[in-house]
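# Summary of structural features
The chain contents come next:
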Amino acid sequence: MRIWIAAATLAVVAPAWAEAPSPELKAKAVELVQAYGGKLKAALGSAIETGGAEGALEVCNKQAPVIAAEISGDSGWSVARTSLKPRNAASAPDAYERKIMESFVARIAKGEKAADLASAEVVDENGQKVFRFVKAIPTGEVCLTCHGENVAPELQQKIKALYPQDQALGFREGDMRGAFTLKKTLAAQ
Ligand code: HEC
C-alpha cells in the first residue's frame, strides 16, 4: 500500500517520461506568450495613466482573466498565469507548474535571470500527451506598486478586499513574480 501511494505521488510530481516538443509547438507557445504579455502590459499601462494605481487594480482584476480567455479561446490552447505566491487563489499552480517554478527559483538564486527562464516539455497526463510550456515572469519596477514591499496602505486595503487570500506582496525587482503557463493536449498517436 505504501509503495502504491509513493508511486502515485511520483506520477503527479514527476511524469514517468517527458520528451522534447517540436520546434513548431515551442514557437507557437512563444508567440502566444508574447501576444498575451503584450495585451496585459498595454492594458496595465493605459489603466495606470488614466486611473492611477487604484484604477489599474480594477483593470487587473477584471481584464486579466478576460485577456487570458480571449487568447485561449482563439488558439485552442490553455493560456494563463500562475505563481508560487498567487494573488488570485484561482491562479495557484498545479503540481507540474509548482515543480517547474521551484526549479526556476533555485536557478535564479544561483544567478540566472528570471527573464531568461522557460521550460517546454511533452508529458504524459493520465495517458494523454500534453505539451506544457512555463515561462518565468520577472518583477519589474512598475509591478512594485501592487506587488512590492511598500504598497500604499489604501491600495493594500482594496487588494485585500478583492483577494482575501492574497500572497503576492513583498516582491523585489528581479524576483520571479510568477509564470505564464500554456498547455495543449496533443492528439493521441
Ligand atoms: C495596479 C496593480 C497591479 C500592478 C501594477 C501589477 N499587478 Fe499583477 N496583479 C494585480 C492583480 C489585481 C492581480 C490578480 C488578477 C486576477 O484576478 O487574475 C495580479 C495578478 C498577477 C499575476 C497572476 C498570478 C497571481 O498572482 O494571481 C501575475 C503573474 C502578475 N500579477 C504579475 C505582475 C507583473 C509582472 C507586473 C508588472 C509588469 C504586475 N503584475 C503589475 C495587480 C497588479
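Conventions we followed
Residues numbered from 1 in each chain as written. Predicted model: local features only at pLDDT ≥ 70, side-chain atom pairs only at ≥ 80, totals over all residues. Heavy atoms only, no water. Phe/Tyr/Trp six-rings, centres within 6.5 Å; stacked < 30°, edge-to-face > 60°. Lys NZ or Arg CZ within 6 Å of the ring centre and 35° of its normal. Helix = DSSP H or I, 4+ residues; strand = E, 2+ residues; numbered from the N terminus. Near = heavy atom within 4 Å. Polar contact = N/O pair within 3.5 Å; in protein donor to acceptor, adjacent residues only side chain to side chain. pLDDT = per-residue confidence, 0-100. Contact = heavy atoms within 4.5 Å. Axes fitted to C-alpha atoms, helices over the stretch in contact; angles between N-to-C directions. Parallel < 35°, antiparallel > 145°, perpendicular 65-115°, else oblique. Left-handed = near helix turned anticlockwise from the far one by under 90°. Core = buried A, V, L, I, M, F, W, Y, C linked by side-chain atoms within 4.5 Å. Buried < 20%, exposed > 50% of the residue type's maximum accessible area, 1.4 Å probe, protein only.

### Quick word on the packing of aromatic side chains
Summed over all chains, the structure comprises 2 aromatic pairs. The positively charged end of lysine 85 is found above the aromatic ring belonging to phenylalanine 171, 4.7 Å away from the centroid.

### Some details on unusual backbone geometry
One non-glycine residue with positive phi stands out, namely asparagine 126, at about 50°. Mapped onto the elements of the fold, asparagine 126 is located in the loop between strand 3 (118-125) and strand 4 (128-138).

### Regarding the site of the ligand
Taken together, 18 residues sit near the ligand, with Cys143, Cys146, His147, Tyr163 and Arg177 positioned nearest. One nitrogen or oxygen atom from the side chain of tyrosine 163 is found 2.6 Å from an oxygen atom belonging to the ligand. In this structure, arginine 177 approaches the ligand through a side-chain N or O atom, which is 2.5 Å from an oxygen atom. Among the secondary structure elements, those contributing two or more residues to the shell around the ligand are helix 2 (23-75), strand 4 and helix 4 (144-147). Looking at which element gives the most residues to the shell around the ligand, the answer is helix 2, with 5 residues.

### A closer look at the confidence of the model for the protein chain
Residues with a pLDDT of 70 or more make up 90% of the protein chain, whose mean pLDDT is 89. The low-confidence segment residues 5-13 (pLDDT under 50) makes 3 contacts with residues lying over four places distant or belonging to another chain.

### Digging into the packing of helix 2 against helix 5 (residues 153-162)
Following both chains from N to C, one finds helix 2 and helix 5 inclined at 20°, their axes separated by 10 Å at the closest point. The orientation of helix 2 relative to helix 5 falls into the category roughly parallel. Crossing geometry of helix 2 relative to helix 5 is assigned as right-handed. Listed contacts from helix 5 to Ala53, Glu54, Leu57 and Asn61 of helix 2 are Glu154, Leu155, Lys158, Ile159 and Leu162.

### Focus on the nonpolar core
Within the largest apolar cluster, 19 residues are counted, with the highest numbers of intra-cluster contacts made by Tyr36, Trp77, Val79, Phe131, Phe180 and Leu182. A total of 11 residues in this core trace back to one element, the largest contributor, which is helix 2. By size, the runner-up hydrophobic cluster in this structure holds 11 residues, among which are Ile100, Met101, Phe104 and Ala114.

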